[in-house]
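One letter stands for each residue in the lines below.
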Amino acid sequence: MSEFPAAPSASTDRQRIITKPVMAWASWDWGSAAINAVMTTFVFTVYLTSDLFGDKDANSVVLGNGLAIAGVAIALLAPVTGLRSDAGGRRRFWLGVNTVIVAVLTAACFFVFPEPRFLILGVTLIALASVFSEFATVNYNAMLPQISTPSTIGKVSGFGWGMGYLGGILALAIVLFTLVTPLFDWAGASEAGALNLRLVAVFSAVWFLGFGLPVLFAVPEIPGESGGPRFTILQSYAELWRRVVALARKDRHTVFFLLASAVFRDGLAAVFTFGGIIAAGTFGFPLQQVIIFAIVGNVVAALGAMVGGLLDDRIGPKRVIIGSLVGLLVAGLGVFLSPGAAGFWVFGLLLCLFVGPAQSSSRAFLARLAPVGQEGELFGLYATTGRAVSFLAPALFAASIALASPHVAEAQRYGILGILAVLLLGLLLLIPVRAPRHGPTPLERGL
């Protein structure tokens with residue numbers, strides 16, 4: 001088995017958690033937040049589904065279908081890209097290539113003018129950017145064991161998630177106060193031809209590229225499998241299936257974790273996806289207050305991810321995830337039972353607090369399980385399983401509202417119960433899964 005660069009010693013690691021490679025690695029998370037928070041959540045997709053492109057409902061259907069097709073592509077291709085980058089020793093190379101592709105696709109959204117004939121172009125660019133962003137994330141996540149040690153893997157993962165949240169907050173604030181609702185007059189804030197909203201795409205691309213490149217210079221490339229096989233695309237699928245079957249026979253708990261995490265991660269994503277909708281529709285928040293809540297919520301989530309990372313290395317990732325999911329269930333019930341906006345602020349921020357640790361420790365959990373040279377493959381499966389059930393929380397959210405509509409006046413509130421059902425299912429699936437060894441990662445054990 002090929003040797004990786006030696007990790008820092010445990011004693012050095014305890015003194016220096018935030019090293020140069022860790023900072024460069026987390027910088028990529030900081031930069032990618034502009035794509036996630038600005039382009040796909042709060043600004044550009046809202047622009048695409050507005051009446052500038054025709055009927056809002058029809059635009060939403062087009063966007064939804066485009067992202068669904070992208071999700072299928074990710075589910076089919078993500079594990080294969082991870083497998084091939086591991087075998088070829090080109091993890092850093094493909095992270096760089098995919099990062100540049102995402103930046104270019106994002107910048108090209110500048111040419112999506114506010115006319116119905118440009119809708120398909122905009123949706124296509126966003127969908128393609130999401131595909132290549134997921135490919136990049138597979139290789140990015142697989143780097144985690146390279147830059148951490150047994151006593152820091154949870155802290156480093158939490159630090160990365162925290163940087164991502166904080167980067168999204170700052171990027172969103174810059175966009176909000178310079179382009180969307182500018183605090184001062186300047187040419188780029190012009191609404192003529194939606195120039196200000198199209199410049200959001202240019203800003204996001206530059207932000208992502210600028211903060212995403214340092215990792216390529218600070219983290220070394222992995223060695224390839226000397227004399228090992230080189231797979232074609234079709235051969236990669238056959239090899240991947242062989243390895244999944246072998247993994248299930250050798251360590252079925254890893255497969256069980258992939259399944260459990262797919263379910264509860266879908267619930268975690270839904271907390272943010274539908275949080276703003278519930279704030280506005282059920283609790284009457286105006287748009288400005290929704291954005292303010294989103295910013296505060298991301299700050300709380302970042303702090304939660306970092307604290308969760310510290311706990312991860314002390315008590316193990318499984319306990320952190322279970323504690324976070326229980327906290328989410330309690331906080332979610334609090335939101336459901338809250339009569340007014342004050343209750344939403346309290347319990348909604350508690351939801352944000354527990355989302356971060358669950359996300360961070362889920363990544364650390366898998367990193368502790370990944371055999372040397374197969375990190376990209378496993379994180380590809382991690383991406384695939386997550387996408388495989390990505391319909392679950394939205395479907396239960398909508399179904400809960402539909403079932404409640406004939407009986408109550410404010411049916412949207414009941415969508416919260418659908419999200420909580422997904423989180424509960426994920427918790428129940430996780431409980432039987434064996435926790436990873438609380439000690440050296442496979443990378444450091446040389447397995």
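Anything mentioned here points back to the structure above.
Computed from a predicted model, the values in this text were never measured in an experiment. (Residues numbered from 1 in each chain as written. Predicted model: local features only at pLDDT ≥ 70, side-chain atom pairs only at ≥ 80, totals over all residues. Heavy atoms only, no water.)

Caption draft 1: Representation of the pattern of salt bridges. If you walk through the whole model with that rule in mind, you get five salt bridges. Put simply, R117 and E115 hold a salt bridge, and the shortest N to O gap is 2.8 Å. One connected set of salt bridges, linked through shared partners, spans K155, D312, D313 and R368. (Salt bridge = Lys/Arg side-chain N within 4 Å of Asp/Glu carboxyl O.)

Caption draft 2: Region of the structure containing the packing of helix α2 (residues 20-42) against helix α5 (residues 91-108). α5 packs onto α2 with a crossing angle of 35° between their chain directions and a minimal axis gap of 12 Å. In this structure, the crossing between α2 and α5 has a hand that is left-handed. For the pair α2 and α5, contact is made by W28, I35 and M39 and by L95, T99, V102 and T106, respectively. (Axes fitted to C-alpha atoms, helices over the stretch in contact; angles between N-to-C directions. Helix = DSSP H or I, 4+ residues; strand = E, 2+ residues; numbered from the N terminus. Left-handed = near helix turned anticlockwise from the far one by under 90°. Contact = heavy atoms within 4.5 Å.)

Caption draft 3: Layout of the packing of α5 against helix α6 (residues 119-142). Relative orientation of the contacting elements α5 and α6 amounts to 155°, with a least axis distance of 8 Å. When the axes of α5 and α6 are compared, the pair comes out roughly antiparallel. Where α5 crosses over α6, the two elements pack in a sense that is left-handed. Facing R91, W94, L95, N98, T99, I101, V102, L105, T106 and A108 of α5, the residues of α6 in contact are L125, L128, A129, F132, S133, F135, A136, N139, Y140 and A142. Taken together, the residues that form the contact of α5 with α6 break down as 14 nonpolar, five polar and one charged. (Parallel < 35°, antiparallel > 145°, perpendicular 65-115°, else oblique. Nonpolar A, V, L, I, M, F, W, Y, C, P; charged D, E, K, R; others polar.)

Caption draft 4: Expanded view of a nonpolar patch on the surface. Together, V72, L76, L77, L234 and Y237 line one region of the surface with nonpolar side chains, adding up to about 480 Å² of accessible area. For the nonpolar patch, the secondary structure elements donating two or more residues are α4 (56-88) and α11 (233-250). At three residues, α4 tops the list of elements feeding residues into the nonpolar patch. By secondary structure assignment, the location of L76 is in helix α4. (Patch = residues over 30% accessible without salt bridge, like charges linked within 9 Å, V, L, I, M, F, W, Y side chains within 5 Å. Areas by Shrake-Rupley, 256 points an atom, 1.4 Å probe, with all protein chains shown as cover.)

Caption draft 5: Region of interest: the side chain of R413. With respect to the helices, strands and loops of the structure, R413 is situated in the loop between α17 (392-404) and α18 (415-430). Polar contacts involving the side chain of R413 include one to the main-chain carbonyl oxygen of F336, which spans 2.9 Å. Polar contacts involving the side chain of R413 include one to the main-chain carbonyl oxygen of S338, which spans 2.6 Å. (Polar contact = N/O pair within 3.5 Å; in protein donor to acceptor, adjacent residues only side chain to side chain.)

Caption draft 6: Summary view of the nonpolar core. In this structure, W25 and F44 are the most contacted members of the largest nonpolar core, which totals 118 residues. Among the elements that take part in this core, α6 stands out by supplying twelve residues, more than any other. Setting aside residues up to four positions removed in sequence, F44 forms contacts with V38, M39, C109, V112, I126, L197 and A201. (Core = buried A, V, L, I, M, F, W, Y, C linked by side-chain atoms within 4.5 Å. Buried < 20%, exposed > 50% of the residue type's maximum accessible area, 1.4 Å probe, protein only.)

Caption draft 7: Structural context of the packing of aromatic side chains. Summed over the entire model, instances satisfying the criterion amount to 18 aromatic pairs. Measuring from ring centre to ring centre gives 4.8 Å for W207 and F211, while their planes differ by 55°; the resulting arrangement is tilted. One end of the pair is W207 and the other is F211, both in helix α9 (residues 195-212) and four residues apart, which spans about a single turn. Classification of W207 by relative accessible area gives buried; the value is 10%. Ring pairs connect the aromatic residues W25, W28, Y140 and F208, which therefore count as one cluster. (Phe/Tyr/Trp six-rings, centres within 6.5 Å; stacked < 30°, edge-to-face > 60°.)

Scope: geometric values only; no functional claims are made or implied.
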